[in-house]
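Descriptive analysis of the structure
Each chain is listed here by its residues.
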Amino acid sequence: MSKIDLLNWLKEGQITIPTVLLTQYKEMKLNEHELVLLLQMISFIEKGNEFPTPAELSSTMTISVSECSELLRKLIQKGFIEINDGFTSDGIRYEKYSIEPLWEKCIDYFLLQQKREEVHATQQEETDLYTSFEQEFGRPLSPFECETLAMWLDDDHHDAVIIKSALREAVISGKLNFRYIDRILFEWKKNGIKTIEQAKSYGQKFRQHQQKNKPKEPAKNTGSLPFYNWLEN
């Protein structure tokens, strides 16, 4: 292949296709012929032909002109493309295809896909949260405890990671019960604690304050962690 051939190939141009169109076209109620027709239309428009005829479009596909016309009609009815008209500076009326409706649908399905992934991630976090509690308690949670966890998530709007942090604080303090964890979450919410880093910093500062004001006792090498009684705060 010569350099001229390569230059001509580059001049043909390229089209950029959103991944969501290729991965979600079935859910968008498009079949393969409709998808390829849309891709061909994008190519024609990018090359400057904004109103390709059914004959021009079908010449690039394996369908007849009549089949192409029928597909164009369906795509307009389904809201994937539209025909706009206007007038040139000379007052000549013209028509052109617009694929803006297609891009709007792609955006809608992309946002829907993102939402589904977020919901899935949230559900996974909640599942991990219940598992973490059962591992720390060494037993299945009671119906009341499960209801309390659900209340923290749904009614009090605590993130799963914050609830896990409160569970760790309870473990460190040797007070592994739901009343104690609920008090920790209450204190954190009152003090605007919303991230793991804030929770760790707040807990460390409070434990240091507790240790500083605690009456001095003979040193005992127990190897235990500093105790922070959230219930006494």
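Here the structure is a predicted model, which means the values were calculated and not measured. (Residues numbered from 1 in each chain as written. Predicted model: local features only at pLDDT ≥ 70, side-chain atom pairs only at ≥ 80, totals over all residues. Heavy atoms only, no water.)

**Regarding helix H8 (residues 160-173)**
The first and last C-alpha atoms of H8 sit 20 Å apart over 14 residues, in line with the 20 Å expected at 1.5 Å per residue. For H8, the complete set of buried residues consists of Ala160, Ile162, Ile163, Ser165, Ala166, Leu167, Glu169, Ala170 and Ser173. The first or second residue beyond H8 is Gly174, which carries a positive phi of 70 degrees. (Helix = DSSP H or I, 4+ residues; strand = E, 2+ residues; numbered from the N terminus. Expected span 1.5 Å × (residues − 1). Buried < 20%, exposed > 50% of the residue type's maximum accessible area, 1.4 Å probe, protein only.)

**Describing the nonpolar core**
Side chains of a nonpolar character, in soluble globular proteins, are inclined to be buried together. Leu37, Met41, Leu72, Ile81 and Leu102 are the most contacted members of the largest nonpolar core, which totals 25 residues. Elements represented by at least two residues in this core include exactly helix H2 (19-24), helix H3 (32-46), helix H5 (65-77) and helix H6 (100-137). Among the elements that line this core, the one with the most residues is H3, at seven residues. When near neighbours in sequence (up to four residues on either side) are disregarded, Ile81 contacts Leu38, Met41, Leu72, Leu75, Ile76, Tyr97, Ser98, Ile99 and Pro101. Formed by 22 residues, the second largest nonpolar core is a distinct cluster that contains Leu129, Phe137, Leu167 and Ile181. (Core = buried A, V, L, I, M, F, W, Y, C linked by side-chain atoms within 4.5 Å. Contact = heavy atoms within 4.5 Å.)

In short, shape yes, function no, at least from these values alone.
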